[in-house]
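Breakdown of the fold
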Amino acid sequence: MSGVSKRFRIVSGAGLALVLGFGLTGCPPAEPGGGSTTTTSTPPGQDCTSAPNIPIDKYMGEEVSELPVDTRSATWMSSIVATDPNLKVGVSSGRSYDNVFRPPGFPVNFVPNDYPLVPWTINLDVLRPVQYPSLDGVVWQGYPDPLAYQYSDAYLLTVFADCRSTEQIGVSPGLGAPNMYDGVRWDADYTPSVDPSTGLLNGVDAAHVPLTTAIYRSTEALNGTINHVGHIATTVCSGGAPTLGTAFIWPARSTDCTGTYNPANPPYGAWMRLRADYPVPSDARAAGIVKALKTYGAVIGDGGSNLTTPTIYAEEMPQSTITALESIPWSDFDFVDAQGLRADPTAAVGDADYWDTASAR
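Structural notes, computed from the coordinates. Note that the structure is predicted; figures quoted are calculated from it, not measured.

A few words now on the sheet that holds strand 9 (residues 165–169). With respect to topology, 4 strands assemble into an open sheet ordered 4-8-9-11, the strand pairing being mixed. Only two strands of the sheet have a single partner each, and these edge strands are strand 4 (108–111) and strand 11 (182–186). Sheet twist, expressed as the mean angle between neighbouring strand axes with direction ignored, is 15 degrees. Sheet topology places strand 9 next to strand 11; 5 bridges connect them, and they run antiparallel. In the sheet register, Ser165 faces strand 11, and the bridge partner there is Trp186.

Laid out in structure tokens, this is it:
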């Protein structure tokens, strides 16, 4: 994709690739370890031992089934399907690394509050160690190579029982200590993260939004209980100056899309929704994901020059689910106008209330 820097992504399959593999980002790394490090109590009624917290007053849990179609939807969609009007859902390839080969997937780890934190290096810089979860008891996505960050984005997503979470990219066993390209720590409410030492926004995807809350997990898909927005990596982006309102819109906080501004392309933060009349698949997990795409939609938060189709992130899914999803035409999605959900339209990308919404779910 012209104008988008892409690091180390391998994608296979045609159409809308449900990312059971690698994420994308081309932005320079913010100082890892930033963001909120305050230990927070578990939100009332929320148990994060098997699912991440979905705040009721932030964009992650907002239903968009009743929102109007954005006036730019047809134009943005035309840019996505320009090379193939029949573009359909596809599936990317990948590995989750825990010393054995695993089928494609984007795993989320759930650990106790006392799960050990250990020193990590950042791009093998031993002078800048940071504390993140030990690799001994978690599964991450990537290849079994001590320098895997050179070859894939290799995400590690970890949720603690009290609903704090960490997200890391470019994860590998390293040389003497685990190594990563970048990382971010979120509190239980996903307060927008700014590194106190640099003032830079934190995040492991280009839009600097949480990934863990957007992963479609196998159990919730099977049970039809997905209650959150999805996450899209796009094949085209609007470019221009990295400012709110042009290259990205709410809820995105950043972009890695460069080049001349093109309003015909969707910006990061654009919110997509599957049309309500799309038939429900017979496969239970595919039906759960289709229901979620109709109810909560998915937000563009990343991109890559080697992609041939937009991608949505998910855990490992059975082949029957993949086959069912591969029949969804990309043209059956609309872009919705979600800007009216914002509690404070004047909130800046680093403000604590940037992701707050006007109504609770």
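In this section: the side chain of Arg342. By secondary structure assignment, the location of Arg342 is in the segment after strand 16 (333–336). Asp344 provides the closest opposite charge to the buried, unpaired Arg342, separated from it by 6.3 Å. From its side chain, Arg342 meets the backbone oxygen of Asp344 in a polar contact 3.3 Å long. Ignoring sequence-local partners within four residues, the contact set of Arg342 consists of Leu244, Trp250, Ala347, Tyr354, Asp356, Thr357 and Ala358.

Turning to the environment of Phe160, a few remarks are in order. Structurally, Phe160 can be placed in strand 8 (residues 156–160). On the accessibility criterion, Phe160 (3% relative accessible area) is buried. Spatially, the C-alpha atoms of Phe160 and Pro52 are 8.5 Å apart, while their sequence positions differ by 108 residues. Apart from residues lying up to four places away in sequence, Phe160 is in contact with Cys48, Val111, Pro112, Asn113, Tyr115, Leu117, Pro133, Ser165 and Thr166.

Turning our eyes to something else, we now look at the pattern of salt bridges. Counted by the stated rule, this structure contains 7 salt bridges. A salt bridge links Glu220 to Arg217; the nearest nitrogen and oxygen atoms lie 3.1 Å apart. The salt bridge partner of Arg275 is Asp332, with a shortest N-O separation of 3.9 Å. Of the two residues, Arg275 is situated in the loop between strand 13 (271–274) and helix 3 (284–295) and Asp332 in the loop between helix 4 (319–325) and strand 16; the sequence distance between them amounts to 57 residues. The class of Arg275 is partly exposed, set by a relative accessible area of 34%.

Cut-offs applied
Residues numbered from 1 in each chain as written. Predicted model: local features only at pLDDT ≥ 70, side-chain atom pairs only at ≥ 80, totals over all residues. Heavy atoms only, no water. Pairing = 2+ DSSP bridges. Helix = DSSP H or I, 4+ residues; strand = E, 2+ residues; numbered from the N terminus. Axes fitted to C-alpha atoms, helices over the stretch in contact; angles between N-to-C directions. Buried < 20%, exposed > 50% of the residue type's maximum accessible area, 1.4 Å probe, protein only. Lys, Arg positive; Asp, Glu negative; His and termini not counted. Salt bridge = Lys/Arg side-chain N within 4 Å of Asp/Glu carboxyl O. Polar contact = N/O pair within 3.5 Å; in protein donor to acceptor, adjacent residues only side chain to side chain. Contact = heavy atoms within 4.5 Å.

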